[in-house]
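# Architecture and fold: a report
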Amino acid sequence: KAGVTQTPRYLIKTRGQQVTLSCSPISGHRSVSWYQQTPGQGLQFLFEYFSETQRNKGNFPGRFSGRQFSNSRSEMNVSTLELGDSALYLCASSIRRQGDGYTFGSGTRLTVV
Amino acid sequence: AQSVTQLDSQVPVFEEAPVELRCNYSSSVSVYLFWYVQYPNQGLQLLLKYLSGSTLVKGINGFEAEFNKSQTSFHLRKPSVHISDTAEYFCAVSDRDGYGQNFVFGPGTRLSVLP
């Protein structure tokens, strides 16, 4: 079955712009989580959506937001981009059963210039 | 809240040699433990996980890990590594709820397999 699909794979944006990243989870997975990965901070949890509702949120400013659609696809949006937002953004889906963990997509590499 | 320590940020090893990547965790509750691998320009892939039962867990690509509750460790081992094992390895811990902020990744260990 198809894995977690993230689009686009690479993105270059200018400081001050906004960006939208997309994630299609594995069929049947209703939970989608987003992570930011940088060399200095490692993997940091952004937020989780389950059945179109934000279930958990990490310690990121309000410029980072997300949503989930009825087909479980999710988008995350970053407004007013800063240079420090350059990172690999990973989407992970799950059926949210105890002990199952996550299945990750290949990520979107965002570079802010 | 849980936390994860991976004591070695980088581990160089020669091809066909054994390797151990160390992971220690702290938690006040029962946990699940995971090892993920990330190849360059890829997402994370699950190698193995410990939920309960036998403390020795076997995963994909010949890797195994041993859960040691008294030492709060979950070290990853492979008896003979290949060049293709070069990647970054992440240990993760979750409580029984297991998602969101309750699923915590370590900082990663970069394994470099040398010819």
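Look up a bit, the structure's there.
What this report covers is the structure whose coordinates are included nearby. (Residues numbered from 1 in each chain as written. Chains lettered and ligands numbered in written order. Predicted model: local features only at pLDDT ≥ 70, side-chain atom pairs only at ≥ 80, totals over all residues. Heavy atoms only, no water.)

### Let's talk about the overall build of chain B
As a reminder, the rule being used: A run of H or I in DSSP becomes a helix once it reaches four residues, and a run of E becomes a strand once it reaches two; helices and strands are each numbered from the N terminus. Note on method: radius of gyration uses C-alpha positions; expected globular size equals 2.2 Å times residues raised to 0.38. Whether two residues are in contact is decided by their heavy atoms: any pair within 4.5 Å suffices. Computed with the Shrake-Rupley method and a 1.4 Å probe, the accessible areas treat only the protein chains shown as cover for residues. In this count, Lys and Arg are taken as positive residues and Asp and Glu as negative ones, while His and the chain termini are left out. Charge positions come from single atoms, namely NZ of Lys, CZ of Arg, CG of Asp or CD of Glu.
Secondary structure summary: chain B contains 0 helices and 12 strands in total. Each helix and strand of chain B, placed in order from N terminus to C terminus, yields the pattern β-β-β-β-β-β-β-β-β-β-β-β. A globule of 115 residues ought to have a C-alpha radius of gyration of about 13 Å, and chain B, at 14 Å, matches this closely. Along the first, second and third principal axes, the C-alpha atoms of chain B reach 40 × 30 × 20 Å. Long-range pairs, those at least 24 residues apart, make up 57% of the contacts in chain B between residues at least 6 apart in sequence. Total accessible area on chain B is roughly 5400 Å²; 51% of this is exposed by carbon and sulfur atoms. The average position of the 8 basic charges and that of the 10 acidic charges among the side chains of chain B differ by 5 Å.

### Focus on the overall build of chain A
So the rule is basically this: Exposure is judged per residue with a 1.4 Å probe applied to protein chains only, and the accessible area is read against the type maximum: over 50% gives exposed, under 20% gives buried, and values in between give partly exposed.
Helices and strands together make up the secondary structure of chain A, namely 0 helices and 11 strands. Taken from the N to the C terminus, the helices and strands of chain A come in the order β-β-β-β-β-β-β-β-β-β-β. Taken over the C-alpha trace, chain A has a radius of gyration of 13 Å; the compact-globule value for 113 residues is 13 Å, and the two agree within 12%. By its C-alpha atoms, chain A is 40 × 25 × 25 Å across when sized along the principal axes. Relative to its 113 residues, chain A shows a buried fraction of 51%.

### Digging into the state of the cysteines
Residue and element names in this part refer to chain A. Test applied: Count a disulfide wherever a pair of cysteine sulfur atoms falls within 2.5 Å.
The full count for this structure, using the stated rule, is 2 disulfides over all chains. A sulfur-sulfur separation of 1.8 Å characterises the disulfide bridge that pairs Cys23 with Cys91. Disulfide Cys23-Cys91: torsion about the S-S bond near -55°, hence left-handed. Taken together, the residues Cys23 in strand β3 (residues 19-24) and Cys91 in strand β9 (residues 87-94) connect sequence positions 68 residues apart. Owing to a relative accessible area of 0%, Cys23 belongs among the buried residues under this scheme.

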